[in-house]
Amino acid sequence: MAENTKNDQELRRLEELDLIEKAGICAYPYSFDKNISAKELLARFTDETKDDLADVKLAGRIMSIRRMGKASFCNILDETGRIQLYVRKDDLPEGKYDIFKLLDIGDIIGIEGYAFRTKTGEISVHCRDFVLLCKSLKPLPIAKEEVDENGNKKVYDAFADKELRYRKRYIDLIVNSDIRDTFRKRAEIIRNIRNYFDTQGWMEVETPTLQPQYGGASARPFITHHNALDIDLYMRIALELYLKRLIVGGFEGVYEIGRNFRNEGMDRNHNPEFTMMEIYVAYKDYNWIMNMIEELISMLAMKVNNSDKIVIDDNTISLARPFKREKMFDLFKKYTGYDMQGMSMEEVVKIAKELGIQIEPGASYAKVLDEIFGEKVEPNLIQPTFVTDYPVEMSPLAKMHRSEKGLVERFELFMNGSEIANAFSELNDPRDQRNRLEEQARCRANGDDEAMGVDEDFLNALEIGMPPTAGLGMGIDRLVMMLTGEKSIRDVLLFPLMRPEK
RNA sequence: GAUUUCGUAGCUCAGGUGGUAGAGCAUUUGACUUUUAAUCAAAGGGUCGUGGGUUCGAGUCCCACCGAAAUCACCA
């Protein structure tokens, strides 16, 4: 930004910075030794133990200042929370209070002093000295908070504009404490997933995000170009096919938590890049993995929320085991009245029409079923529900059902009407897999640009031989949304994609 | 991509039927050595998203564009 765009407050801060530096003070020093956090101090303080806190050093950003002549109160914020400081002219080194007068909301300071309780009862730090650690040159949106007797927080003038919060997340994180908690929970969820898997002995791996052939899901990819090889590459849309190669390679449990990229629309459930967790375990099937993911999700809820209940909108969702298990065609029957198992294309299209569901010309069998399911069944799946046994046409990478003709051993986990996880007994018969991928390729040739291509190297791996394997994919962002109660994927992504300004 | 709504001071917002802008917080100056949305007194700060048009005159009406949100479409 050009110099002449600075507003009065920014110009004033520059003048203050000048005064500070003319007083021989470095406005951007190199380090500060703190010995306690705001949260720890508040937790440790009692009127009996306050002598233990007679020499504390804290650092943080000034969030409010109340000046009263020769003494002031201010609040600083560190990573753990806010704490009040009491700054009195007589108790600072000679001349230091004049420097304090040059500080602003947003400046970062280090302080030393002793903990005490004010007349009104608030645990605070009485400053003996302070040091400026960073001068802030732009005004911060200041939300004022009032806490009533019941501990309820009331926020005035909140920094609430969604666009600004997403674009300037660093400001959002400073000003809005709730969003900091959301991202802490996100980290905690991912950490606990890793812990759980690692404890079982499964190995975390990293597979390519840049791929010559994309696959493992139905979605349009991002295309990029590698200059040295002069070839186009695709950003991965799924982790699946590389992780299965590793099972072929002899690892018996592998998982990856990483970014997928899909060149599709954006809404409150979709961001072009999103975080997927996929896990593959040899010698297991989809029944086993259903129990595993149920245990994992139930455990995550307890770890993160200390409860197996979550409230979303008006629904209370119980994450206590066991989750409901329903066969897909039983759900069709329940919510449409039609027994559709084994029906032909003509029959399901007819039913879709009777149900008032629009079917695009050229839609595949799988597509029609999926439309009906999405329209009539999904909205009813509020409590966690494993939907099992999908028709083979919808699942080109899943193994045929051991007893149901035309179905595969697959489940999807739904909660609050949306899909959370997807898993199969993995298809490991290379002949069947080739047929299914070639069928996909035909769909693609007929204009379905989301159908998969044939990945010859993946088929080669299956021909070398993959043991019976269970696999699962789970969208981490949606899981975090569920467990934090956020309604938009953008509220669980630190930096959601935004159209550039101008 | 479609529809609807929105875009006014650093932040949150108000601006019937068109007459070039207001409030609170923030900022500045003064008072105040235990305040907490600190208080009291005074002051400064906006080419009203951008560009056109209608009009004597537009933040206000019309059109286009830019950006956002919600809903829908797309995304098994």
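Here we summarise the structure given alongside this text. None of the values given here were measured: they were computed from a predicted structure. (Residues numbered from 1 in each chain as written. Chains lettered and ligands numbered in written order. Predicted model: local features only at pLDDT ≥ 70, side-chain atom pairs only at ≥ 80, totals over all residues. Heavy atoms only, no water.)

As for the packing of aromatic side chains
Right, on to step 1. Within this structure, the stated rule accounts for 15 aromatic pairs.
Right, on to step 2. Between the aromatic rings of Tyr196 and Phe197, the centroid separation amounts to 5.9 Å while the plane-to-plane angle is 65 degrees, which identifies the pairing as edge-to-face.
Right, on to step 3. Judged by its relative accessible area of 11%, Tyr196 is buried.
Right, on to step 4. Relative accessible area serves as the criterion here: at 0%, Phe197 is assigned to the buried category.
Right, on to step 5. Aromatic rings pair up to connect Tyr196, Phe197, Trp202, Tyr255 and Trp288 into one cluster.
Right, on to step 6. A cation over an aromatic ring shows up here: Lys96 above the ring of Phe130, its NZ or CZ 4.7 Å from the ring centre.
Right, on to step 7. The residue whose ring lies beneath Arg410 is Tyr390, and the NZ or CZ to ring-centre distance is 4.4 Å. (Phe/Tyr/Trp six-rings, centres within 6.5 Å; stacked < 30°, edge-to-face > 60°. Buried < 20%, exposed > 50% of the residue type's maximum accessible area, 1.4 Å probe, protein only. Lys NZ or Arg CZ within 6 Å of the ring centre and 35° of its normal.)

Description of the pattern of salt bridges
Right, on to step 1. Counted according to the given criterion, the structure contains 41 salt bridges.
Right, on to step 2. For Arg245, the salt bridge goes to Asp455, with nearest N and O atoms at 3.2 Å. Taken together, the positions of Arg245 in helix α7 (residues 240-248) and Asp455 in the loop between α12 (430-445) and α13 (456-464) put the pair 210 residues apart, joining distant regions of the chain. In this pair, the class of Arg245 matches that of Asp455, namely buried.
Right, on to step 3. In this structure, Arg259 engages Glu273 in a salt bridge whose closest nitrogen and oxygen atoms are separated by 2.6 Å. Remark: Glu273 occurs in strand β13 (residues 273-282) and Arg259 occurs in strand β12 (residues 253-261); sequence separation between them is 14 residues.
Right, on to step 4. We classify Arg259 as partly exposed; its relative accessible area is 40%.
Right, on to step 5. For Glu273, a relative accessible area of 34% translates into the label partly exposed.
Right, on to step 6. Linked by salt bridges that have partners in common, Arg12, Glu16, Asp104, Asp107 and Lys135 make up one network. (Salt bridge = Lys/Arg side-chain N within 4 Å of Asp/Glu carboxyl O. Helix = DSSP H or I, 4+ residues; strand = E, 2+ residues; numbered from the N terminus.)

Observations regarding the pairing of strand β17 (residues 385-391)
Right, on to step 1. Counting buried residues along β17, seven of its seven residues qualify, which places the element largely inside the surrounding structure.
Right, on to step 2. Here strand β16 (residues 324-327) runs beside β17; their pairing, made up of four bridges, is parallel. Along β17, the bridge assignment pairs Arg325 with Phe386.
Right, on to step 3. By the bridge criterion, six bridges tie β17 to strand β18 (residues 407-415) in an arrangement that is antiparallel. (Pairing = 2+ DSSP bridges.)

Let's talk about the sheet that holds β16
Right, on to step 1. Across the sheet, which stays open at both edges, the eight strands sit in the order β8-β12-β13-β20-β19-β18-β17-β16 with mixed pairing between neighbours. The sheet is open, and its two edges are formed by β8 (203-204) and β16, each paired on a single side.
Right, on to step 2. Strands in contact with helix α8 (residues 286-305) are β13, β16, β17, β18, β19 (418-425) and β20 (469-475); relative to β20, the strand with the most contacts, it is inclined by about 35 degrees. (Contact = heavy atoms within 4.5 Å. Axes fitted to C-alpha atoms, helices over the stretch in contact; angles between N-to-C directions.)

Looking at the packing of α12 against α13
Right, on to step 1. Running from amino to carboxyl end, α12 crosses α13 at an angle of 160 degrees, the nearest separation of the two axes being 9 Å. By the angle between their directions, the pair α12 and α13 is classed as roughly antiparallel. Crossing geometry of α12 relative to α13 is assigned as right-handed. Two secondary-structure elements touch here, α12 through Pro430, Gln433, Arg434 and Leu437 and α13 through Glu456, Phe458, Leu459, Leu462 and Glu463.
Right, on to step 2. Broken down by class, the residue content of the contact of α12 with α13 amounts to five nonpolar, one polar and three charged. (Parallel < 35°, antiparallel > 145°, perpendicular 65-115°, else oblique. Left-handed = near helix turned anticlockwise from the far one by under 90°. Nonpolar A, V, L, I, M, F, W, Y, C, P; charged D, E, K, R; others polar.)

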